[in-house]
Amino acid sequence: NTGGFNNIYIATGDIDQQYTFSNGIYRSEDGGQTWLTINGNLFNNQPGNHYIGKVLVYPSDSTTMFVATSMGIYKCTNRQSVTPSWTKVYPQSGFEYFTNIEFEPNNYDVLYSSGIDIIKSSSGGTSWASIATTGSGFDLTNTPSANQFINLSPAEYVARITIAISSDNKYLYA
């Protein structure tokens, strides 16, 4: 029972496993009875194996959704289409690993995403900036990436940050 919600979105793969790659995003319009792949141009046919950490559906807009992936943050503005189109909104070039994305409660123009960094958008996901800086008290500026420590043991680096936002918007937990 989907509680009256007939449109369901899921991402495949396991963001916490190295070898369980994503097969993309699927949508069900009948409460999970049947599924349709809605990858469209997601990842723009980038070579390699990718992960999808979270699908975030815009609650007050029936066309928009975001995904946090191992390639960055993607936005879709036609999610009900048979072939939705995706735009990479962060980073503009290259890739960055993200596992989580959240709206600020009661203000859907403000989003936060995390993975090996914490970023924020105050423009509905159009532009993003890191908030894990010296002034924030959560400085990751000189933290090495996981790629620098692949063969070292014990490895000490940021591999995954997850976030939650208090319902009164006073706290961002990392």
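Scope of this entry: the structure provided in the associated data block.

Criteria and cut-off values
- Residues numbered from 1 in each chain as written.
- Predicted model: local features only at pLDDT ≥ 70, side-chain atom pairs only at ≥ 80, totals over all residues.
- Heavy atoms only, no water.
- Helix = DSSP H or I, 4+ residues; strand = E, 2+ residues; numbered from the N terminus.
- Buried < 20%, exposed > 50% of the residue type's maximum accessible area, 1.4 Å probe, protein only.
- Areas by Shrake-Rupley, 256 points an atom, 1.4 Å probe, with all protein chains shown as cover.
- Pairing = 2+ DSSP bridges.
- Phe/Tyr/Trp six-rings, centres within 6.5 Å; stacked < 30°, edge-to-face > 60°.
- Polar contact = N/O pair within 3.5 Å; in protein donor to acceptor, adjacent residues only side chain to side chain.
- Contact = heavy atoms within 4.5 Å.

The next point concerns the overall build of the protein chain. When you go through the protein chain residue by residue, the secondary structure sums to zero helices and 13 strands. N-terminal to C-terminal, the α/β element order of the protein chain is β-β-β-β-β-β-β-β-β-β-β-β-β. When each of the 174 residues of the protein chain is scored for burial, the buried share is 38%. Surface accessibility of the protein chain: about 9800 Å² in total, with carbon and sulfur atoms responsible for 48%.

A sheet is described by the order of its strands in space; here three strands give the open sequence E1-E2-E3, paired in antiparallel fashion. What marks the edges here is a single partner per strand, and that holds for strand E1 (8-11) and strand E3 (36-37). Sheet topology note: the strand E2 (residues 25-28)/E3 ladder contains two bridges and is antiparallel. For Arg-27, the partnering residue across the bridge sits in E3 and is Leu-36.

Neither face of E2 is open: one carries Ile-25 and Arg-27, the other Tyr-26 and Ser-28, and all of them are buried. Pairing analysis gives four bridges linking E1 to E2, with the strands arranged antiparallel. The partner of Tyr-9 across the bridge, within E2, is Arg-27.

So, about the packing of aromatic side chains. Under the criterion given, the structure shown has six aromatic pairs. Between Phe-66 and Phe-103 the ring centres are 6.3 Å apart and the planes differ by 75°, which places this aromatic pair in the edge-to-face class. Residue Phe-66 is found in strand E5 (residues 65-69), and its partner Phe-103 is found in strand E8 (residues 98-104); the two are separated by 37 residues along the sequence. Per residue, the accessibility class of Phe-66 equals that of Phe-103, and both read buried. A network of ring pairs unites the aromatic residues Tyr-58, Phe-66, Phe-103 and Tyr-108 as a single cluster.

Here the residue pair Tyr-90 and Pro-91 is connected by a cis peptide bond, since its omega of -15° sits within 30 degrees of zero. Following the sequence through the fold, Pro-91 ends up in the loop between strand E7 (86-90) and E8. Even without glycine at this site, Asn-106 takes up a positive phi of about 70°. Within the secondary structure, Asn-106 is located in the loop between E8 and strand E9 (107-115). Judged by its relative accessible area of 71%, Asn-106 falls in the exposed class. Within the chain, Asn-169 stands out as a residue other than glycine whose phi angle is a positive 65°.

Attention now goes to the side chain of Arg-27. Within the secondary structure, Arg-27 is located in strand E2. Owing to a relative accessible area of 2%, Arg-27 belongs among the buried residues under this scheme. One polar contact links the side chain of Arg-27 to the main-chain carbonyl oxygen of Arg-79, over a distance of 2.3 Å. Setting aside anything within four residues of it in sequence, one finds Arg-27 in contact with Ile-8, Tyr-9, Thr-34, Trp-35, Leu-36, Ile-38, Arg-79, Gln-80, Ser-81, Val-82 and Pro-84.

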